[in-house]
Amino acid sequence: MQCESVSLLSPITALQFVGDFLLSGEGAVINLYTLNSANDYERRLYCNALQNYCIHGIKPCWPAHEQTSRPQLAVFGAKGLIVFELNTCAKEPKLRKMGQLLELHDWIWDLQWLENDGELLYLGLALGHNSVVLCDYKAGRTLREVHCDVKCILYSACFVGHTWAELVLISGTVFNQLVLWRMEGPTNEDGRVQTERRISGHSGVIFSIHYMEKNGILASASDDRSIRLWKVGNLWEGAKGDGEGADPVQCLLQLYGHQSRVWSVQLLEDHIISVGEDSACIVWSYNGDIINCFTGHKGRSVRALAVNEDKGWLVTGGADSGIRLWKIQDRKSEDVVISQLQFGGTGKIETPKALTLVDPALLLVMTDAGSIYSYCLLSGKWKLILEDPSYQSYSLLVVTRLVSGCAICAIGNINGWVKIFLLSAPEDCVESQVHQGKVHSLGWASREGQARDKCHLFSSGADGIMIWREVSCEGSRVASVAEQCRYRLPLCKHRWHTSVTFLPERHLLVCGDRRGSLLLYPCAEGDLGERQGLSEESADVAGSENTTEESLEGRLPVGSTRIAAQFECREPVSALPGLHGKLGVTSVLFHDGFVYSTGRDGYYRQLKIEDGGLKLLRSHRACKGMDWIERLLLTPGGNLLVLGFHSTNLVLWNVKTSEKVLCIPCGGGHRSWSYSSSPGNEIFTYIKSGNILVCQRDLSDSSRAVIKDCMHGREFTCVRFVERFKVSADGPVSIVATSSEDTTVNVLAVDERSGHVTKLTTICDHISSVRTMAITKSRRPDHGDDHCSFVALLFSAGGRAELQCCRLLIQHGDVSAPASCQVEHLVSHRLAEDWEHKKNRHRMLKMDPETRYMSVVVVDAGMNFGNVCRPSSHFLAAACSDGSVRLFLIDECQRTIVLLAESFYHQRCVLKLQTFTYQQATRGHRAFLCSAATDGRIAFWDVSRTIERVTLANILQEGVHHPWGLESPCLVLKAHQCGVSGLHIRALEEGRYLLASGGDDNAIRVWVVSVETAGGDDGTTGVGSSGGQCAGAQGAEAPAGVSLQVAEGPRVDSAHAAHVTGVRIVSPRLLVSASIDQRLTHWQLNDQGLHFLHSTCCQVADIAELESWEGVSPETHLFAVCGDGLQILKTQQQNHFMLQKPNTADDRNQK
C-alpha cells in the first residue's frame, strides 16, 4: 500500500531568495516560485525535503568552482538537516541531494557554511542547549561538538564567521540574555568554552538575532514586544586577537511598534525589518521611526522573512500559509500628499460648494454664486466655464466623459431646472424645467452598445418621479435631449434615486434609492414624437450666453403643459425594500452577470436577476468599522476594491488581500468629494472648511503583490468533500470546503496531479468560529443554470449557536475556464434569536450564549421520504456543547430554518453525530442517529417518527414552532473511557452497518449494527451481545417496528500515541484513522480483528478532522486532514493486500 502527499497548506516557516527565485519552507516541503514576472508568481518545484521535520531555515551558498546557477542549499528544521544542489538551468528547476538526511540529537537553531582550503565542505550547527556541532554533510557525520559554559535552553542563535577558527555564536537564552562565545575560545575545567560577553536588557526571551558586520550592530527581537539594537563592534577582529579590550556593548535603540511578540528581525543598509505575532511586518528607520507597516496576512503570526536588498523586495510568510511580496519604500504605500488649491483667482468672493473629477487630470468646482470653474491638475490653471445666478442657492453637479472623448456636464437647481452642456462649449447648452420643485438627484449612466456621442441622464424631483433622458451630441454642442421614460419611486420620506445601472441584453435597469431599496424597472423608451417635441422645446433655450433676467423669460414656464401633463410612469417589476437600511443605496454596478450594490449600512451585496426579479445572493462587509461604502472598483487584474469611509477617513479596501491600500483623513463623507483613478495615478479631492484639498498617489510602482494566497488565519476546524471533476487536460480536480476558528469558510479546488490549490471563494457570514460543516446535494427546482456543473448545499455551524445555510453553484473548469464557485446565502439561524425579539426578556432565562454546535449531519442524504416533506426540504441534526441533540427542518426554497425537536439526554457536551437509514419492506425509510459525547457513550436514536410528524403539523406554515421533545435513545453503548472524537458508519448489505469510533483514550473500536423489522407491533428495540445497555425507551410505535442489535467487533486500545480525532471506514475491510500524533494509519479489518497495515506521518499538527473520498479508481482514495493546516494525501490500495499477512497491534508497537 502506497500513501503519498498530494497537497499541503501549512504555516510558512522559512523563506529565502536565490536569484530570481524564491524558496519557501512549508512543513517538510520546499516550494520554488519564479519572480521574474510582475504578474506571474508560478510555483515551479514541490519537494519533500525533511521527511517528517518542519523546515525552519534555508541557507544557500555558491561554491567557487561551480556555476552560479547551481547553488547548494542547506535545509534544516527541528533535528533534521539535508543539503541539495539547485539546478535552474534546466527547463524545470530540479533539486539534487548532496547527501542523506542527517538527524541530530538536539534542535538546530542556526547553520553556517564553513570554508576549508577554499572549499565549503563543512557546516556549523547551533543546537538547542547552547552547543555547536561541526558537521561533514557529504559523509553524513559530526566531526566535533563544543559546549558553552552557560548551560541553558536557547530560543535563537546567530553565527558570525566563515571558518571554524573565527566562528562566533551569539545565543539568545531562556534567561533573556544574549551570550557571545567563540568556538576556539578558552575553556574551563569542565572543557566548556567560556563566555566572552553577556548582553542584558530584554525582559523576555529572545526569538531572533541578526548581526551587520559593516556597522558592528547587533539586533535582537524579544518576547517583550521590543527590538533592540546593540553596538558590539567588529566581532571578527575580536576573533583574531585575544578578545581583551573589546568595545563595551551599548544599546543604541529600543523599538516598540508591534502589538505582540516579535519573531524575527533583519538589518539592512538603510532599514530595519521586523515581523511578529500580530501578523505585521514593520519597516523602521535607524532613527527609530516606522516607515511602513504591512498587514496583509490573516491571523495571528508572521514567522518567515526574506529580503532582496538589491531589488528592494521584502517577502513575508504567515501562519495563514500565504506569501506576500512588498516593495521597500521610504514612505507608507497608502500615504498620499495632501495639497490645498488656491481658489479665488477670479477676484470674486466665492466659496466652493460642490466639486467633481472629470478624470485624474481635470477638476470641476461649483461655487455659491452659481459659477463653474475647471482646474487642470497638470498645468495648475483655473478656467471659468459658466455663470448662472439661478444655481447659486442650491445646485447639483455631475459630469461624465463620452466614448468619443467629450466631457458633458449637467447641473440642477432648487426650482427643478436642469442645464446640460459640453465643457468644450458651455455656451451651447440645453436647459429645461423637468421637475416641480427641487432636483433631489442627478446622475449619468452608460448603456452597453450606446453610440459614441450619446449618454443617459437620470433625475429625481420632490414628486418621487425619476426621469430618464437620452442626450445626443454633435460636434461641440448638445444636439438633443429626448425623454425616454418616467419611473415612479416607492412612497417614502426620502423619495429620490441615488444610482442607476443598465442590465445588458435584458432591457432592464436597476435603481437604488435614498430609502435603501433596490428597484428593477423595464427600459421602455418613450414615444418618438414626444421625444422630438421635447427637443424642439429645449431648442428655445439652447445657445443662451448670459443669465440675465431677460434670458430667464425665454425658458419654459413652470406651468408648461409638458411638465403638467400626466405622463405614464413605470412601476418597478421587482423591489427589495430597505435592503441597505435607512441611509440609502450609494451605488449600483453590473459586472460579470451579477448586480452589486453598496450602501451606508456598511455592506456591499451581490444579486442576480432570476425569474424576472431581483434575488439577493450574498451580503459582505469590508473592514471592521467601515460603515459607509460608497462604491466598488474593479482593477485590471480582476481584484475588487471597496471605496468608503471608516470614521473620518476615506479608505480603499482590497477584498482579496484584506488590507487598506489607501487611507486619507478627510473628515468624513458628509462633504462634497470626488475620487478618480487611472492605471498609473489616483486622485481624491474634497472640500473642507471652504478649502479645496487634493490628494494624489502614483500607482506606477506597486508595492504589494500576492505570491501565494492566504487561507485561514487560525486553525482549520473541519474539512468536507464537495465534488470531484474529471478534467481531461489538467487532470482531476477535487472541490473541498474548509472551516476555521477565524469565522470563515473557504471553498478550494485541489488539482490532484500538480497539488496546486486554488481558493474559489470565501464565506464570511459567521459571527464566531465555525466548528463543523455538512454537504448535501441541492433539491431546488431547475432554473436553467446549465453552466453549473454541480449545485450543493453547505451547512456550517459553530460558536454562538449559529447555523448558516448556503448554496454553492460550482462550474466545471477546464484549460480555458478554470473552476469557479458562486455562493448564494439562503438562511441563518441562532438559538437566541427569538429571545432577542421578545418583550420582558429581562425576566426570562436566555439560552447559553456559549453554546456551540460541535457536529452536524444531513439526516435525509440520499433518502426519499415521499409525502413526508416538501421536495426542497432537508433535515439536519446537530450535536451541541450544552448536552443536547437537535433536529432542524430547512427549506431552501422558502429559506427557513425551524428547530423541530431536541433532547438533553447526554447531559454533557455531544462531540460527534452520524446518521444511517434502513429501508423497510412495507414502511419505507427509517432514519437513525448515532451521537457520541465526552463521557465515551454512543447513543442510537430513531428519528423517523419525528420526521413523519412534520407533514401533520404543517411546520412551515406555522408562525412560531415550539420544539418537540426528541424521543429517548433506543440504545446506548459505553464505547470509550472519555470523549469520542472520531465516529463513522458505513452500510454493508441490507440492514447491516459497520460503526467505528476513536476516542480521547487513544483507542479504536468497531461494531456491527443490525436493523431488522420486529415481529411485534410495539417496535421494542433489541440488544445483541455487545454489552450495550437499553435506555429504557420504546421504539417507534408504528404498526411494524424495528429491532436494533449491536455486535461488538475488534478494538485496539493503543491505536495511536494521542487522541484519535478521525476515523473513516473506506471499505468493509479497510479502516483509516487520524490522531493528534500526526499519524494517518491504515487498518485491515477481518474476522481475526483489526490489524495494522501502514502509517504515514502528516505535516499538519493538532489534527482535528479527517475526510475521505474515492479517487480515479475504486482502489484509489484521497484523505484530507486538517488542524494547524491542511494536507491532502492519496492512497493506492493494492489488490492483493488482503492476502498478505497483517501486522498485529503488538507487532506495530514493537516497530
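Residues numbered from 1 in each chain as written. Predicted model: local features only at pLDDT ≥ 70, side-chain atom pairs only at ≥ 80, totals over all residues. Heavy atoms only, no water.

## Re the overall build of the chain
- Within the chain, the regular secondary structure consists of seven helices and 87 strands.
- A burial count over the chain gives 58% of its 1151 residues as buried.
- Contacts in the chain between residues at least 24 apart in sequence constitute 51% of all its contacts with a sequence separation of at least 6.
- On the chain, roughly 47100 Å² of surface is accessible, and the fraction owed to carbon and sulfur atoms is 46%. (Helix = DSSP H or I, 4+ residues; strand = E, 2+ residues; numbered from the N terminus. Buried < 20%, exposed > 50% of the residue type's maximum accessible area, 1.4 Å probe, protein only. Contact = heavy atoms within 4.5 Å. Areas by Shrake-Rupley, 256 points an atom, 1.4 Å probe, with all protein chains shown as cover.)

## Some points on the packing of aromatic side chains
- Within the structure shown, the criterion is met by 23 aromatic pairs.
- Between F458 and W468, the aromatic rings sit 5.9 Å apart at their centres with planes inclined by 15°, giving stacked as the arrangement. In this pair, F458 is assigned in strand β40 (residues 454-461) and W468 in strand β41 (residues 465-474), connecting sequence segments ten residues apart. For the pair F458 and W468, one class covers both residues: buried.
- Taken together, the aromatic side chains of W628, F645, W673, F684 and Y686 make up a single cluster linked through ring pairs.
- Of note, R600 hangs over the ring of W628, and the distance from its end group to the ring centre comes to 4.1 Å. (Phe/Tyr/Trp six-rings, centres within 6.5 Å; stacked < 30°, edge-to-face > 60°. Lys NZ or Arg CZ within 6 Å of the ring centre and 35° of its normal.)

## Looking at the sheet that holds strand β13 (residues 131-136)
- Pairing is antiparallel across the open sheet formed by four strands, whose spatial order is β11-β12-β13-β14. Taken across any chain shown, the strands that pair with only one partner, and hence form the sheet edges, are β11 (108-116) and β14 (141-147). On average, adjacent strands in this sheet sit at an angle of 25° to one another, irrespective of strand direction. (Pairing = 2+ DSSP bridges. Axes fitted to C-alpha atoms, helices over the stretch in contact; angles between N-to-C directions.)

## Regarding empty space enclosed by the protein
- Evaluated as defined, the whole model comprises four cavities of 30 Å³ or more.
- Space inside the largest cavity adds up to approximately 90 Å³.
- In terms of lining, the largest cavity is formed by 16 residues, of which the most central are A319, H712, R714, F716 and D1124.
- Its residues assigned to classes, the lining of the largest cavity comprises five nonpolar, six polar and five charged.
- For the lining of the largest cavity, the two domains that each supply at least three residues are domain 2 (713-829) and domain 3 (984-1012 + 1042-1135). (1 Å grid on protein atoms, 1.4 Å probe; cavity = no way out; pocket = protein on both sides within 12 Å on 5 of 7 lines; lining within 4 Å. Points joined across faces, edges and corners; volume = space filled by probe spheres on them. Nonpolar A, V, L, I, M, F, W, Y, C, P; charged D, E, K, R; others polar. Domains from an automatic or database assignment.)

## Regarding the nonpolar core
- In this structure, V859, F875, L887, L929 and V943 are the most contacted members of the largest nonpolar core, which totals 23 residues.
- Secondary structure elements with two or more residues in this core: β69 (873-880), β70 (885-891), β71 (896-903), β72 (910-920), β73 (924-933), β74 (937-942) and α6 (944-953). (Core = buried A, V, L, I, M, F, W, Y, C linked by side-chain atoms within 4.5 Å.)

## What to know about unusual backbone geometry
- Of note in the backbone geometry, Q51 takes a positive phi value of approximately 55° without being a glycine.
- Mapped onto the secondary structure, Q51 falls in the loop between β5 (43-48) and β6 (57-61).
- On the basis of relative accessibility, which here comes to 47%, the residue Q51 falls in the partly exposed class.
- The phi torsion at D592 lies on the positive side, around 55°, for a residue other than glycine.
- Here D592 is to be found in the loop between β48 (585-591) and β49 (594-599).

## A look at the pairing of strand β53 (residues 640-646)
- Extensive coverage of β53 is indicated by the burial of six of its seven residues.
- Sheet topology places strand β52 (residues 628-634) next to β53; six bridges connect them, and they run antiparallel. Each residue of the ladder has a partner; that of L634, found in β53, is L640.
- Counting the residues in the hairpin turn of β52 and β53 gives five residues, including G638, whose phi is positive at 95°.
- Pairing of β53 with strand β54 (residues 649-654) involves six bridges; the strand directions are antiparallel.

## Some thoughts on the UniProt feature "repeat: WD" (unreviewed entry) in the chain
- Mapped onto the present numbering, the UniProt feature "repeat: WD" (unreviewed entry) falls at residues 199-232 and 302-336.
- Within the segment residues 199-232, helix and strand shares are 0% and 62% respectively, and the terminal C-alpha atoms sit 10 Å apart. (UniProt positions renumbered as here; feature names shortened; annotations may be inferred.)

## Regarding the sheet that holds strand β34 (residues 381-387)
- Reading across from one edge, β31-β32-β33-β34 is the order of the four strands in this open sheet, with antiparallel pairing throughout. Every interior strand has two partners, whereas the edge strands, β31 (352-359) and β34, have only one. Pairwise comparison of adjacent strand axes, ignoring direction, gives a mean angle of 25° for this sheet.

## Here we look at the pairing of strand β20 (residues 217-222)
- Counting buried positions along β20 gives six out of six residues, so the element sits mostly inside the fold.
- One ladder, built from six bridges, connects strand β19 (residues 206-212) with β20; its direction is antiparallel. Across the sheet, the residue bridging to I209 is S220, located in β20.
- The turn linking β19 back onto β20 is made up of four residues, and G216 within it adopts a positive phi angle of 65°.
- Where β20 and strand β21 (residues 226-231) come together, five bridges link them in antiparallel fashion.

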